[in-house]
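# Structural overview
Listed below, chain by chain, are the residues.
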Amino acid sequence: MHLVEISDLEVSFPQADGVVQAVRGASFHVDAGESLGIVGESGSGKSVTCMAALRLLRQPPARISASRLNVDGTDMLAADKRKLASLRGRVAAMVFQDPMTAFDPVFTIGYQIGETIRAHREATKAAARSEAEALLARVEIRNPSAVADSYPHQLSGGMLQRAMIAMALSCQPRVLFADEPTTALDVTVQAQILQLIKELQAELGMGLVMITHDLGVIAETVDRVVVMYGGRVMEEAPVDAIFDAPQHPYTVALMGSMPGLAPGRRLVEIPGGSPDPSNPPSGCPFHPRCTQADARCAAEMPPVVRTGPQAQAACWRLT
Amino acid sequence: MTRFILQRLLSVATTFFIVSVIIFLMMHSIPGGPFDGGEMPLPPAVRERIMAQYGLDQPLYVQYFKYMGGVLQGDFGVPFQAPGQTVVSLLSQAWIPSLVLGGLGVLIGAPLGILLGIAAALNRNTWIDYLASAVATLGLTIPVFVTSMILILVFAVWLNWLPSSGWPEPHKWILPITAYATIPLATYARYTRSAMLDTLNKPFVTVLRAKGLSEGRIVYTHVLRNSSIPMVTVFLPMFIGTATGSIFVESMFRVPGLGLFFVSSIRTRDYPTEMALMLMLTLMFCVAYIISDILYAMLNPRIRNGGRST
């Protein structure tokens with residue numbers, strides 16, 4: 001049994017003028033101690049997928065369906081409010097993109113970390129508080145006691161992101177979802193935060209789902225990669241395979257647009273723009289921008305085919 | 001915090017001084033005077049003697065400092081409309097009904113409005129929300145004197161449950177208190193709803209859910225606390241509503257309160273009474289300002305300790 005198991009996930013948001021189809025049948029899994037990267041451009045459905053995995057999308061308006069949506073053996077779609085609350089933070093935790101808006105501005109950091117601990121097990125306020133300080137020390141904050149006493153507006157983005165990681169780890173979750181955890185941070189801080197997440201993941205033996213649009217982040221942190229586009233999974237492969245031998249034309253194009261692989265090489269952009277989620281293209285969502293597309297690509301979504309050990313892709317060229 | 005309060009008090013004292021000068025000048029800039037007569041004009045010699053007796057023949061700034069000097073010692077002068085009394089004795093009987101009715105109106109209306117606003121925000125786009133919006137809109141748009149008339153018509157004339165007017169028996173308070181309560185109720189319902197919805201859409205609420213907090217704890221610990229910050233600012237408009245409302249409510253329900261004196265002292269150019277009333281109103285606003293500022297600072301750590309400490 002996988003730690004996180006998602007099959008045929010569909011998420012849509014009905015609007016006044018149609019339905020936004022954010023995720024259109026995504027499947028992947030994560031095992032304990034494994035790190036999975038979900039990569040894709042804005043609007044590819046990667047964040048929504050993870051929000052849906054923890055049932056954090058408000059329903060309504062969101063509509064979620066899946067043939068399987070399990071976290072640590074619990075069917076998330078069948079779980080009631082109470083069950084969900086007890087799983088969140090304890091079994092599966094999440095680190096969000098913007099640390100500056102992630103904390104309640106009127107409570108101290110120490111209080112908010114302690115609150116998470118107290119939500120999931122019996123602890124006095126004082127005990128939770130000293131545990132919060134220990135957690136802050138663990139995410140390499142040098143003056144944990146002062147930071148615990150601080151309000152969010154008194155801390156820098158990097159400091160807050162460390163605090164959010166400390167909060168996420170406060171109940172030793174089995175899986176951590178990190179939704180673009182470094183996007184809002186300075187470049188110098190980004191590397192530190194990634195390093196920290198990676199270390200803690202190895203130390204705690206957690207499963208990790210790293211959502212990002214930054215291929216550099218993927219290369220540094222994860223074991224396996226899921227490439228999403230237009231609400232669908234285009235390709236899935238171990239990280240080395242994705243960088244060395246991408247199979248799907250979209251992944252190939254994505255690699256071509258990434259700087260830094262070969263100095264002096266011109267970056268190649270992918271022509272066109274992301275598909276409109278309220279009116280997605282027929283067939284393969286990438287076909288309007290794909291240089292190798294033909295009539296079949298526009299007519300029918302390609303099946304998922306095996307492309308190597310632990311690797312698969314959805315493209316007619318590979319069948 | 002002590003420094004913060006001292007700063008506020010100082011700024012309030014300055015405001016109070018400036019406002020008192022403006023009121024004094026405006027009051028005296030209205031043409032006519034208290035002893036101009038009308039139907040029975042006084043002989044010029046008599047009139048001048050009375051003017052001199054009350055110091056009205058002196059330059060305005062002398063009059064101002066004399067009056068304010070008295071005020072600082074608790075002497076608000078002699079009302080021209082009742083020369084046998086002092087302003088303090090005249091108003092001291094009148095402010096009790098105003099304070100009781102207005103105060104109870106706010107104390108009853110505000111909490112009801114807050115509850116209604118919370119219910120509306122948590123049940124957005126359901127009948128509860130629509131009801132709350134309707135109540136809030138009606139309460140804010142219908143003038144108090146119309147509300148008063150409707151109350152009198154329904155409960156006194158048609159149903160005959162309650163007396164239409166009077167004082168001091170408590171059952172006569174019900175209708176005027178209800179009329180007063182509509183303003184804080186409507187104001188608070190509206191502000192609470194929008195403040196709650198605003199907070200519920202903040203990213204940190206999703207983080208709280210992701211931590212595994214129960215919905216109840218999220219709403220009552222985090223959302224309500226954050227929403228109360230903008231709600232504190234409503235404290236002031238509510239005071240305006242109650243103070244100006246008293247003029248209408250008290251005349252509709254024939255309550256012997258301060259409201260009547262606002263009108264009569266201006267009409268008769270009763271400078272000491274008018275000045276005393278306006279100073280009292282100013283003081284009320286200043287106190288309201290101080291209370292909102294202190295509450296604001298207590299609720300909002302970004303104001304309480306502005307700088308970065310780490």
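Residues numbered from 1 in each chain as written. Chains lettered and ligands numbered in written order. Predicted model: local features only at pLDDT ≥ 70, side-chain atom pairs only at ≥ 80, totals over all residues. Heavy atoms only, no water.

## Considering the pairing of strand 13 (residues 311–314) of chain A
All names here are of chain A. Here is the rule we go by: Strands are labelled as partners when DSSP assigns at least two bridges between them. Each helix is a run of H or I in the DSSP string that is no shorter than four residues. Each strand is a run of E no shorter than two, and both are numbered from the N terminus.
Here strand 11 (residues 232–238) pairs with strand 13 via 2 bridges, running antiparallel. Residue pairing in the sheet places Glu236 in a bridge with Gln312 of strand 13. As paired strands, strand 12 (residues 304–308) and strand 13 are joined by 4 bridges and run antiparallel to one another. Note on strand 13: the bridge partner recorded for Arg306 is Gln312. The turn linking strand 12 back onto strand 13 is made up of 2 residues, and Gln310 within it adopts a positive phi angle of 65°.

## Digging into the pattern of salt bridges
Quick reminder of the rule: We define a salt bridge as a side-chain nitrogen of Lys or Arg found within 4 Å of a carboxyl oxygen belonging to Asp or Glu. Here the term buried applies to any residue with accessible area under 20% of the maximum for its type, exposed to any over 50%, and partly exposed to those in between, with areas from a 1.4 Å probe on protein chains only.
Applying the stated criterion to the full structure yields 17 salt bridges over all chains. Here Arg193(B) and Asp129(B) are joined by a salt bridge, their closest N and O atoms 2.6 Å apart. Here the residue Arg193(B) occupies a position in helix 7 (residues 174–200), and Asp129(B) occupies one in helix 5 (residues 127–141), the gap between them amounting to 64 residues. The partly exposed category is assigned to Arg193(B), whose relative accessible area is 23%. Residues joined in a network through salt bridges with shared partners are Glu34(A), Arg224(A) and Glu236(A).

## Considerations on the interface of chain A and chain B
Heads up, the rule is: In this description, contact between two residues means that some pair of their heavy atoms is separated by no more than 4.5 Å. Counting of polar contacts relies on pairs of N or O atoms within 3.5 Å, with two restrictions inside protein: one atom must be capable of donating a hydrogen and the other of accepting it, and residues adjacent in sequence are counted only when both atoms are side-chain atoms.
If you look at the interface, chain A gives 33 residues, while chain B gives 30 residues. Summed over the shared surface of chain A and chain B, the result is 2 salt bridges. Of the charged contacts in the structure, one is a salt bridge between Lys211(B) and Glu115(A), with a shortest N-O distance of 3.0 Å. Here chain A is connected to chain B by 11 residue pairs in polar contact (both at pLDDT 80 or more). Taken together, the elements giving at least two residues each to the side of chain A that touches chain B come down to helix 2 (81–87), strand 7 (92–95), helix 3 (109–120) and helix 5 (144–148) of chain A.

## Considering unusual backbone geometry
The phi dihedral of Glu140(A) falls on the positive side, at around 65°, and the residue is not glycine. Secondary-structure assignment places Glu140(A) in the loop between helix 4 (125–138) and helix 5. Even without glycine at this site, Asn125(B) takes up a positive phi of about 60°. Residue position: Asn125(B) is located in the loop between helix 4 (87–122) and helix 5. Asn125(B) gets classed as exposed once you look at its relative accessible area, which sits at 52%.

## Here's the deal with a nonpolar patch on the surface
This is how it is decided: Patches here are clusters of residues that have more than 30% relative accessible area and form no salt bridge, with a 9 Å joining cutoff for like charges and a 5 Å cutoff for nonpolar side chains (Val, Leu, Ile, Met, Phe, Trp, Tyr). Throughout, the Shrake-Rupley method with a 1.4 Å probe supplies accessible areas, and for residues the shown protein chains are the sole cover considered.
Together, Met1(B), Leu283(B), Val287(B), Ile291(B), Leu295(B) and Met298(B) line one region of the surface with nonpolar side chains, adding up to about 490 Å² of accessible area. For Val287(B), a relative accessible area of 40% gives the class partly exposed.

## A closer look at the confidence of the model for chain B
We apply this condition: Scored between 0 and 100, pLDDT is the confidence that the predictor attaches to each residue.
Put simply, chain B has an average pLDDT of 83, and 95% of its residues get 70 or more. A low-confidence stretch, residues 306–310 of chain B (pLDDT under 50), is modelled with 14 contacts involving residues beyond four sequence positions or located in other chains.

## Re the domain arrangement of chain B
Residue and element names in this part refer to chain B. Where we set the bar: Domain segmentation is taken from an automatic or database assignment of domains. Defined in terms of a 1.4 Å probe, buried area is the accessible area two parts forfeit on being brought together, summed over both. Residue polarity follows a fixed list, in which Ala, Val, Leu, Ile, Met, Phe, Trp, Tyr, Cys and Pro are nonpolar, Asp, Glu, Lys and Arg are charged, and the others, Gly among them, are polar.
Domain assignment breaks chain B into domain 1 (1–81 + 284–310) and domain 2 (102–267). Listed as interface residues are 13 residues of domain 1 and, on the opposing side, 13 residues of domain 2. Together domain 1 and domain 2 conceal approximately 1200 Å² of surface at their shared face, both sides included; 78% is due to carbon and sulfur atoms. On the domain 1 side of the contact with domain 2, Gln81, Phe285 and Leu299 bury the most area, a combined 40% of that side's loss. Where domain 1 meets domain 2, there are 0 salt bridges. Summed over the shared surface of domain 1 and domain 2, the result is 0 residue pairs in polar contact (both at pLDDT 80 or more). Residue contributions to the side of domain 1 that touches domain 2 peak at 10 residues, all from helix 12 (residues 271–299). Of the residues belonging to the side of domain 1 that touches domain 2, the class tally is 9 nonpolar, 3 polar and 1 charged.

## Description of the sheet that holds strand 3 (residues 35–39) of chain A
All names here are of chain A. The condition that has to hold: Helix axes use the C-alpha atoms of the stretch in contact, all axes being lines fitted to C-alpha atoms, and the angles between their N-to-C directions lie in the range 0 to 180 degrees.
Pairing is mixed in the open sheet, where 8 strands are placed in the order 7-8-9-3-10-11-13-12. This sheet does not close on itself; its edge strands, each paired only once, are strand 7 and strand 12. The average angle at which neighbouring strand axes cross in this sheet is 20°, direction not considered. By the bridge criterion, 4 bridges tie strand 3 to strand 10 (residues 224–229) in an arrangement that is parallel. If you follow Ile38 over to strand 10, its bridge partner there is Val226.

## Quick notes on helix 6 (residues 157–168) of chain A
Just so we agree on the cut-off: Take the residue count of a helix, subtract one, and multiply by 1.5 Å to get its expected span.
Between its first and last C-alpha atoms helix 6 of chain A spans 16 Å; for 12 residues at 1.5 Å apiece the expected length is 16 Å, and the two agree. The buried fraction of helix 6 of chain A amounts to 11 of the 12 residues, a majority that puts the element mostly inside the structure. Every buried residue belonging to helix 6 of chain A is among Gly157(A), Gly158(A), Leu160(A), Gln161(A), Arg162(A), Ala163(A), Met164(A), Ile165(A), Ala166(A), Met167(A) and Ala168(A), and all of these are buried. On its buried face, helix 6 of chain A sits against strand 7, helix 3, helix 4, strand 8 (175–179) and helix 7 (187–204) of chain A together with helix 8 (203–210) of chain B.

## Some points on the packing of aromatic side chains
What counts here: Each pair of aromatic rings taken from Phe, Tyr and Trp, with Trp reduced to its six-membered ring, is defined by centres within 6.5 Å and is described as stacked if the planes are under 30 degrees apart, edge-to-face if over 60, and tilted in the remaining cases. Charge-over-ring placement is defined geometrically: NZ (Lys) or CZ (Arg) within 6 Å of the ring centre, and within 35 degrees of the ring normal.
The full count for this structure, using the stated rule, is 9 aromatic pairs over all chains. Plain terms: the ring middles of Phe17(B) and Tyr64(B) are 6.5 Å apart, the flat faces sit at 70° to each other, and that makes the pair edge-to-face. One end of the pair, Phe17(B), is in helix 1 (residues 2–29); the other, Tyr64(B), is in helix 3 (residues 60–72), and 47 residues separate them in sequence. The exposure class of Phe17(B) is partly exposed, given its relative accessible area of 45%. A centroid spacing of 5.2 Å and a plane angle of 75° characterise the contact between Tyr64(B) and Phe65(B), whose relative ring orientation is edge-to-face. By way of ring pairs, the aromatic residues Phe17(B), Phe24(B), Tyr64(B) and Phe65(B) are connected into one cluster. The ring of Phe107(A) is capped by Arg225(B), whose NZ or CZ atom sits 5.3 Å from the centre of that ring.

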